[in-house]
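Fold and contact review
Each chain is listed here by its residues.
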Amino acid sequence: MLQIEDLKVRLGDKEILKHIDLKIHPGETHILFGPNGSGKTSLLMTIMGYPQYEVAGGKILFKGEDITRMAINERAELGIGMSYQRPPTINGLKTRQMVNLCAQGEVAVESLARQVNFEAFLDRDLNAGFSGGEIKRSELLQLMAQAPDLMLFDEPESGVDMENIALVGNTIAALLQKDGSAEETTSKMQAKLNRTKMGLIITHTGYILDYVSADKGQVLYDGMLSCVSNPREILNCVGESGYEECVRCITGIN
Amino acid sequence: MYNRDQLAKKANAARRKQSAIGPDIDLTEFDDAPSQHSYLAEEDLCSLPMADQNQLLMAGLDVREEERGGTYLQKDTDVIHCHAQQEGIEVIPIKKALETEPWIGDYYWKLIDVDTDKYTAAAELGLHDGYVIRALPGSRSIYPVQACLYLEKENIQQNVHNIIIAEEDSELHIITGCATAPHMKKGLHVGVSEFYVKKNARLTFTMIHNWAEDMAVRPRSVARVEAGGLFLNNYICMKPVRSLQMYPTTHLVGENAVARFYSIIVGSPGSYYDLGGRIFLKHPGNRAEIVARTISNGGDIIARGHLIGEEPDIKAHLECRGLLLKGGRIHAIPELEGLVDGVEMSHEAAVGKIAQEEIAYLMSRGLSEDEATATIVRGFLSVDIPGLPPQLKAEIDKAIEESDKDMM
Ligand SMILES: Nc1ncnc2c1ncn2[C@@H]1O[C@H](COP(=O)(O)OP(=O)(O)OP(=O)(O)O)[C@@H](O)[C@H]1O
Ligand SMILES: [Mg+2]
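Reading guide: rules and limits
- Residues numbered from 1 in each chain as written.
- Chains lettered and ligands numbered in written order.
- Predicted model: local features only at pLDDT ≥ 70, side-chain atom pairs only at ≥ 80, totals over all residues.
- Heavy atoms only, no water.
- Near = heavy atom within 4 Å.
- Polar contact = N/O pair within 3.5 Å; in protein donor to acceptor, adjacent residues only side chain to side chain.
- Areas by Shrake-Rupley, 256 points an atom, 1.4 Å probe, with all protein chains shown as cover.
- 1 Å grid on protein atoms, 1.4 Å probe; cavity = no way out; pocket = protein on both sides within 12 Å on 5 of 7 lines; lining within 4 Å.
- Sits in = over half its atoms within 2 Å of the grid points.
- Helix = DSSP H or I, 4+ residues; strand = E, 2+ residues; numbered from the N terminus.
- Nonpolar A, V, L, I, M, F, W, Y, C, P; charged D, E, K, R; others polar.
- Contact = heavy atoms within 4.5 Å.
- Buried area = accessible area lost by both parts, 1.4 Å probe.
- Salt bridge = Lys/Arg side-chain N within 4 Å of Asp/Glu carboxyl O.
- Buried < 20%, exposed > 50% of the residue type's maximum accessible area, 1.4 Å probe, protein only.
- Donors = N, O, S within 2.8 Å, 3.2 Å for Na, K, Ca; no water.
- Pairing = 2+ DSSP bridges.
- Axes fitted to C-alpha atoms, helices over the stretch in contact; angles between N-to-C directions.

Our focus in this paragraph is the site of ligand 1. Residue and element names in this part refer to chain A. Taken together, 14 residues are adjacent to ligand 1, and G37, G39, K40, T41 and S42 come closest. N36 places a side-chain nitrogen or oxygen 3.0 Å from an oxygen atom of ligand 1. For ligand 1, whose unbound accessible area comes to 640 Å², protein coverage reaches 60%. Placement of ligand 1 is best described as lying within the largest pocket. Residue contributions to the shell around ligand 1 peak at three residues, all from helix α1 (residues 40-48). Residues that form the shell around ligand 1 fall into these classes: three nonpolar, eight polar and three charged.

When the parts of a complex come together, some accessible area is lost, and that lost area is often taken as the interface size. Each side of the interface is counted separately: chain B has 18 residues, and chain A has 28 residues. Regarding the contact of chain B and chain A, the summed buried area is about 1700 Å², with carbon and sulfur atoms giving 59% of it. In terms of surface lost to chain A, no three residues of chain B exceed B:Y361, B:S364 and B:R365, which account for 40% of the buried area on that side. The tally of links from chain B across to chain A stands at two salt bridges. For the salt bridge of B:R365 with A:E139, the shortest nitrogen-to-oxygen distance reads 2.7 Å. Applying the counting criterion to the chain B and chain A interface returns 10 residue pairs in polar contact (both at pLDDT 80 or more). Among the elements that take part in the side of chain B that touches chain A, helix α6 (residues 356-363) of chain B stands out by supplying six residues, more than any other. Split by residue class, the side of chain B that touches chain A holds seven nonpolar, six polar and five charged.

Once that is clear, we can look at the environment of A:R96. All names here are of chain A. One can find R96 in helix α3 (residues 95-103). Assessed through its relative accessible area of 25%, R96 is described here as partly exposed. As a C-alpha pair, R96 and D125 span 29 residues in sequence and 8.8 Å in three-dimensional space.

This paragraph deals with the coordination of the magnesium ion (ligand 2). All names here are of chain A. Within the first shell, the magnesium ion (ligand 2) binds the protein through T41 (OG1) and Q85 (OE1), at distances of 1.9 to 2.4 Å. Highlighted residues: T41 in helix α1 and Q85 in the loop between β6 (80-83) and β7 (90-94), separated in sequence by 44 residues. Relative accessible area serves as the criterion here: at 26%, T41 is assigned to the partly exposed category.

Residue and element names in this part refer to chain B. The 10 strands are arranged β2-β1-β5-β7-β9-β11-β14-β16-β18-β20 in an open sheet whose pairing can be described as mixed. Every interior strand has two partners, whereas the edge strands, β2 (78-84) and β20 (343-352), have only one. Ignoring strand direction, the axes of neighbouring strands in this sheet form an average angle of 5 degrees. With six bridges connecting them, strand β1 (residues 70-75) and β2 associate as antiparallel partners. Residue K75 lies in a different strand from β2, and its bridge partner there is D78. Packed on one face of the sheet, helix α3 (residues 50-58) meets β1, β5 (145-151), β7 (171-180) and β9 (202-210) and runs near 125 degrees to β5. Sheet strands in contact with helix α7 (residues 369-381) are β14 (258-267), β16 (287-296) and β18 (314-324), and its direction is about 155 degrees off that of β16.

This paragraph deals with the pattern of salt bridges. Throughout the structure, instances matching the rule amount to 35 salt bridges over all chains. A salt bridge links A:D149 to A:K63, with the nearest nitrogen and oxygen atoms 2.5 Å apart. Here A:K63 lies in the loop between β4 (53-62) and β5 (65-66) and A:D149 lies in the loop between α5 (132-146) and β9 (150-154), a separation of 86 residues in the sequence. Two residues, B:E167 and B:R134, come together in a salt bridge whose shortest N-O distance is 2.7 Å. Of this pair, B:E167 sits in the loop between β6 (156-166) and β7 while B:R134 sits in strand β4 (residues 131-135), placing them 33 residues apart in sequence. What emerges from the salt-bridge pattern is a single network uniting B:E90, B:R134, B:E167 and B:K198.

Okay, structure coming up:
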């Protein structure tokens, strides 16, 4: 389980997250909404452990351990992984090598790559000149090899074309054990219990909801997670009346 | 033809002439008296002590001579093994060639002036030996020829002169290394090299250096590339060296001739490197590229590059990237000189440290900070060299991997 309690985060001298409480139970996937610049990426980077996001208060627990001060790679070892919005280019490191590094050993790179239609990119330097949509598939490929328990997806479907969106959506669903493969052999109830993977997905468009059945939706606004609701409802509400109105209305009801 | 007396006279006049660049070296500190190593037959090569074999291997010389088109091995001042094992390839010690090959006069000291500086003068006045490697017209070498200049005698000054000729339409690959015996500390290597790439010939020359910490090294080389020819020159030096200065020059003297230089340098504390290259583009269709990747761990590195475009319709690019890992200095000096309208020349130079963002990215995939750093450094050093045969690529990768262990 991921548990965040009263988290405050500063970036430089700016307070970007004021008060965050969040619980993601094993098997659950949450969707994170919020306007541009509201701090969604910052929240993910803080969970991943990027030191420039300075935790000024509160704590982060994962699998019962306090990871608030833990180094990035220790969090990765514990089972946290991230699909980045804008990852850096690593010159001279082939994507193929990176997939092996993620798997911490030899892995069937070609067949993994085939699943996200990425075989042609394996011998290119990681992220070098990758288009927006290619970056998303590269990030997914790395997560497939890494197989973390908690996956943080930063706008995984933005910039992905119509043909690849289903591929990306279904891959994420599979990573999060939400692809129904478990349901084939057991009851829906049992499948839910068997599920262990956790997800936190940032989206603006909500397209990902067509492929991944999310358990909860959250809106990050003004440095706080303002409402918890069905992600479709949030999407509709924001679509109709905008973030400000939506946050006020839902909080009002609560 | 050449006249050794005249050359000696000219050289004598330049005995004390300091080099235009690089710190001066006092030649009286070194001993250039001939050593007395005996010639080794093929089977004897493999009986060299393991420690020596390993040093040689690091410099790209495989004593088993597997997948090699020929071998030249010089120890201190003596040629201890020399033979070609491929049709169309000649490997001859230069002292022998000067006696027996009438054509050598067309090449010996024809690209470099013997009175350039005290080092060229020393190479003539106290010539020990060196290799002549020639690919006959139309010959295509499958395997590279390996040449190694090995130093064992403490405080030696080794003077060599090499001539490399790729005749018309030939293809020649050479891997050459310089290495010192494990126990050796101090010495001076002076090496003159003249490269002739004739019409439509392809020459790749990959040089891997493994010096002792207190070595001084002064190579002097010039290449001449004719129409349609390609000269690909790779230089790898990952081990400490007291002082190394070289500034190889290439003249593209025919249409569509191409020269590409790649160097990969790691500078350790106490080491001084002043290197780079200069390429003259004199004919339409000429292409030149100089790529340098340098890392300083506390060493002092000057990376030069000079491209001179004398004709329209030439293209040249210079890329000089330096990484400061643990102090030291990297001084990039890229120079572009366009002499007429219609030249296309560019450069890109950057000196800095590893981006924290890249380290963090790899750490989030489970790598420790040290592993992430090593991975990025390895990537930085792994340059794609188009046209390099896979075996030579493997040699370069091996040299980089070996040095990884020392670097971190
Ligand atoms: N290095 C930085 N220096 C200054 N401000 C920064 C820096 N990085 C991020 N910010 C600011 O922090 C705020 C939060 O950024 P963040 O990237 O978390 O937003 P986001 O919710 O992910 O937005 P988007 O939907 O556009 O991706 C923004 O106002 C951003 O400009
Ligand atoms: Mg963002």
